[in-house]
Amino acid sequence: MMTEKETVTEKIITDAMANPSPAKSMGDPGITPLSPSHTQQNDTDQVPSGPSFVVVVAIDFGTTSSGYAYAFTKEPECIHTMRRWEGGDPGVSNQKTPTTILLTPDRKFHSFGYAARDFYHDLDPSESKHWLYLEKFKMKLHTTANLSIDTDLHAANGKRVKALDIFAYALAFFKEQALKELSDQTGGEFDNNDVRWVITVPAIWKMPAKQFMREAAYKSGLVPRENPEQLIIALEPEAASIYCRKLRLHQMVDLGTQTTQNGFSPTENVGSGMTQAKEHVRRNRQSRTFLVENVIGELWSELEEGDRYVVVDCGGGTVDLTVHQIRLPEGHLKELYKASGGPYGSIGIDYEFEKLLCRIFGQDFIDQFKIKRPAAWVDLMIAFESRKRAAAPDRTNPLNINLPFSFIDYYKKFRGHSVEHALRKSNVDFVKWSSQGMLRMSPDAMNSLFKPTIDHIIQHLTELFDKPEVSDIKFLFLVGGFAESTLLQQAVQNMLQGRSRIIIPHDVGLTILKGAVLFGLDPSVIKVRRSPLTYGVGVLNRFVEGKHPPEKLLVKDGTRWCTDVFDTFIAADQSVALGEMVKRSYTPAKPSQQVIVIHVYCSEKESAGFISEPGVRKCGTLRLDVSGTESTAPRREIQTLMQFGDTEIRAMAVDVSTGRTVKASIDFLSH
């Protein structure tokens, strides 16, 4: 048996040759399909109902802010959002806490959220440079091409930390907070085994990122690895969709019907509807319990079998677009078009602001300031955040942004002249210096910071609405924290031109959280998803002259085989019912084989002929030891099954004559 390293070197050598063959280099005898195969079955009875939980806790782990909510299975109509957090910012609702984390100089967890930010801010600059402060780190999972368990993140002081540790610390923090609150509520020590946890992730995340979240949950002690059913990874737009089904008319703003109501024009109305909504939310904020009536909302009851709607989830980091179709009678959801979107969340506006500062004060100064005065930089971004939320299409008065004293001071030291001088000298005429020591931005200047991000979203929506699967959309639900922006609402309205009604739930930033709780209470509501990837196994087929490429010919014991064939189980964008099993039968190419090795491959392309094609990667291996057993049949039948679960795919191989089985989870994180 070759060691892993030798196989790898050998693979590299064969890869360097023309027309490489992965299977030849692996040296396993291989398997060949037993015809007739390719049976697909829906084993609904095989899906375990799972243990009964007392409570469902959902964690919305966001790019910019995070939070949790829960409901007891005995009273599923009451969704409780988490306790008020210490800290908080003027002009920002604190039902959630910022996704910021602080580690001590010796890399131990110190605090999360407002507490982390405030503590870090109060440290003396000479001390703070030794502490590790991280924010907006969730985007790293979306942007890292070859994500693995060892991927690093950079703290504000430039030091590297393991991403898995940071995500695990954050989840452990939420676990502790939620269990503490549940213990206080029930008046006793609350047992984690009674909790079903739900973590939400963007639908457009690739499989490695979704698996990474699960690994972090295992590491944090949220759920034990032996009990994966205790954690559901939910897709953010699906969660939003589930909540939107329950919306009553008084719980949302309908931009579609408001064209001439009360003599308002649509644009005036964008703002006024939201102001009323915010007021309604503020009044209800004191009670953290939301009643979700056990009925289908009025809006939803207008939907008929086959009706389609789009959920546009605009968060801090990503924008996720999902098209759902309704299936009656239960109103189950079916995903019609695989999720699309991109990194167009509201932090794009922060980057534009940073670019603006670089134009005025110089990139060299800003880079230096961020490293030397990280806490003051955080302060400046907080000041910008609250002004960003005040931007509106019809705003006429300027927006003032407080510059921290250390910014003004450090700039003078760095450049030898004042901040005021820099503003006068720069050719940025729409940002002025006010005598109170503030940056004064004209509304147009602020709106221009939003433009690139909103343009991306609108372009994406336009492309989506041009797809044939996406014709006649009845509703567009705008959810996520960034959906509160009236600039974004107006842009979406202008793009749609009345083609579908735009619905914005009240308290839109909590929509996903509430939907995730409902999903945890009844996961069967999502019936059909689109497979993001094509999955299959590597097999040998009988070599056919003229059909198979000659370099794939492999002669074994006088039999001519075509090697490296990709036998597809499920194709990208194909509908998959949750829990569905796909089954294939194979037989060892060499009857005397003692160990049967089946390699599972995946690809983003819809079809793959050979495992050696670019973009095809190995994502799992099944090793079935059949030594010491006799097969009664002339050809030993090995059944291979793949089950498509929430975000996990499980593979299994069974030796039919002896009943021996081997299982594997598909691994997207090892390279």
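Per an unreviewed UniProt entry, the recorded name for the chain is Heat shock 70 kDa protein 12A, and the organism is Amphiprion ocellaris. In UniProt, the chain has this text filed under Subunit (unreviewed entry): "Interacts with SORL1 (via cytosolic C-terminus); this interaction affects SORL1 internalization and subcellular localization." Turning to the chain, the UniProt annotation filed under Function (unreviewed entry) states: "Adapter protein for SORL1, but not SORT1. Delays SORL1 internalization and affects SORL1 subcellular localization."

K.L.:
Teacher, can you tell me more about the sheet that holds strand S26 (residues 553-556) here?
P.N.:
Backbone hydrogen bonds are what pair the strands of a sheet, in a parallel or an antiparallel way. The strand order S26-S27-S25-S30-S31 describes an open sheet built from five strands, whose pairing is antiparallel. Each edge of the open sheet is held by one strand with a lone partner, namely S26 and strand S31 (617-625). When strand polarity is set aside, the average angle formed by the axes of neighbouring strands in this sheet is 35°. Judged from the seven bridges that link them, strand S25 (residues 534-542) and strand S27 (residues 559-570) form a sheet pairing that is antiparallel. Residue pairing in the sheet places Val539 in a bridge with Val565 of S27.

K.L.:
Is there a simple way to think about unusual backbone geometry in this case?
P.N.:
Excluding glycine, residues mostly carry a negative phi; peptide bonds, for their part, are mostly trans. Positive phi outside glycine occurs at Arg107, with the angle close to 70°. Tracing the sequence through the fold places Arg107 in the loop between strand S7 (100-103) and strand S8 (109-112). At Lys136, a residue that is not glycine, the phi angle is positive and equals roughly 50°. Following the sequence through the fold, Lys136 ends up in the loop between strand S9 (132-135) and helix H5 (139-143).

K.L.:
Would you take a moment to explain the pattern of salt bridges for this structure?
P.N.:
Close approach of charged atoms allows side chains of opposite charge to pair. Considering all chains together, one arrives at 23 salt bridges under this definition. The partner of Lys180 in a salt bridge is Glu176, with the nearest N and O atoms 4.0 Å apart. One end of the pair is Lys180 and the other is Glu176, both in helix H6 (residues 163-186) and four residues apart, which spans about a single turn. The class for Glu176 is partly exposed, based on a relative accessible area of 45%. Linking Arg529 and Glu238 is a salt bridge whose minimum nitrogen-to-oxygen distance equals 2.7 Å. One end of the pair, Arg529, is in strand S24 (residues 526-530); the other, Glu238, is in helix H8 (residues 236-244), with 291 residues separating them in the sequence. On the basis of relative accessible area, Arg529 is assigned to the buried category, the value being 7%. The buried category is assigned to Glu238, whose relative accessible area is 2%. Linked by salt bridges that have partners in common, Lys136, Asp350, Glu385, Lys388, Arg389 and Glu484 make up one network.

K.L.:
I would appreciate a short explanation of the sheet that holds strand S19 (residues 399-402) in the present structure.
P.N.:
Strand order in this open sheet of three strands is S19-S21-S20, and the pairing throughout is antiparallel. Only two strands of the sheet have a single partner each, and these edge strands are S19 and strand S20 (431-434). Taken over all neighbouring pairs, the strand axes of this sheet differ in orientation by 30° on average, direction set aside. Running at roughly 85° to strand S21 (residues 438-441), helix H16 (residues 443-465) makes contact with S19 and S21 of the sheet.

K.L.:
What is the right way to read the pairing of strand S3 (residues 55-61) from this model?
P.N.:
Every other side chain in a regular strand lies on the same face of the sheet, so the side chains alternate between the two faces. Across the seven residues of S3, seven count as buried, placing the element largely inside the fold. The alternating pattern of S3 places Val55, Val57, Ile59 and Phe61 on one face and Val56, Ala58 and Asp60 on the opposite face, and all of these are buried. One ladder, built from six bridges, connects S3 with strand S12 (residues 195-201); its direction is parallel. By the bridge assignment, Val55 is partnered in S12 with Val195. Where S3 lies against strand S4 (residues 65-72), seven bridges are found, and the strand directions are antiparallel. If you follow Val56 over to S4, its bridge partner there is Ala71. Counted along the chain from S3 to the antiparallel partner S4, the turn is three residues long.

K.L.:
Honestly, the packing of helix H12 (residues 363-372) against helix H13 (residues 374-388) in this entry has me stumped. Any pointers?
P.N.:
Any two packed helices are characterised by how steeply their axes cross, that is the angle between the axes, and by the distance between the axes. Direction vectors running N to C along H12 and H13 enclose 110°, while the axes themselves pass 5 Å from each other. Relative to H13, the element H12 is oriented roughly perpendicular. Residue-level inspection shows Ile366, Phe369, Lys370, Ile371 and Lys372 of H12 in contact with H13, the latter providing Pro374, Ala376 and Trp377. Considering only residue class, the contact of H12 with H13 consists of six nonpolar, no polar and two charged.

So, how was this worked out
- Residues numbered from 1 in each chain as written.
- Predicted model: local features only at pLDDT ≥ 70, side-chain atom pairs only at ≥ 80, totals over all residues.
- Heavy atoms only, no water.
- UniProt positions renumbered as here; feature names shortened; annotations may be inferred.
- Pairing = 2+ DSSP bridges.
- Helix = DSSP H or I, 4+ residues; strand = E, 2+ residues; numbered from the N terminus.
- Axes fitted to C-alpha atoms, helices over the stretch in contact; angles between N-to-C directions.
- Salt bridge = Lys/Arg side-chain N within 4 Å of Asp/Glu carboxyl O.
- Buried < 20%, exposed > 50% of the residue type's maximum accessible area, 1.4 Å probe, protein only.
- Contact = heavy atoms within 4.5 Å.
- Parallel < 35°, antiparallel > 145°, perpendicular 65-115°, else oblique.
- Nonpolar A, V, L, I, M, F, W, Y, C, P; charged D, E, K, R; others polar.

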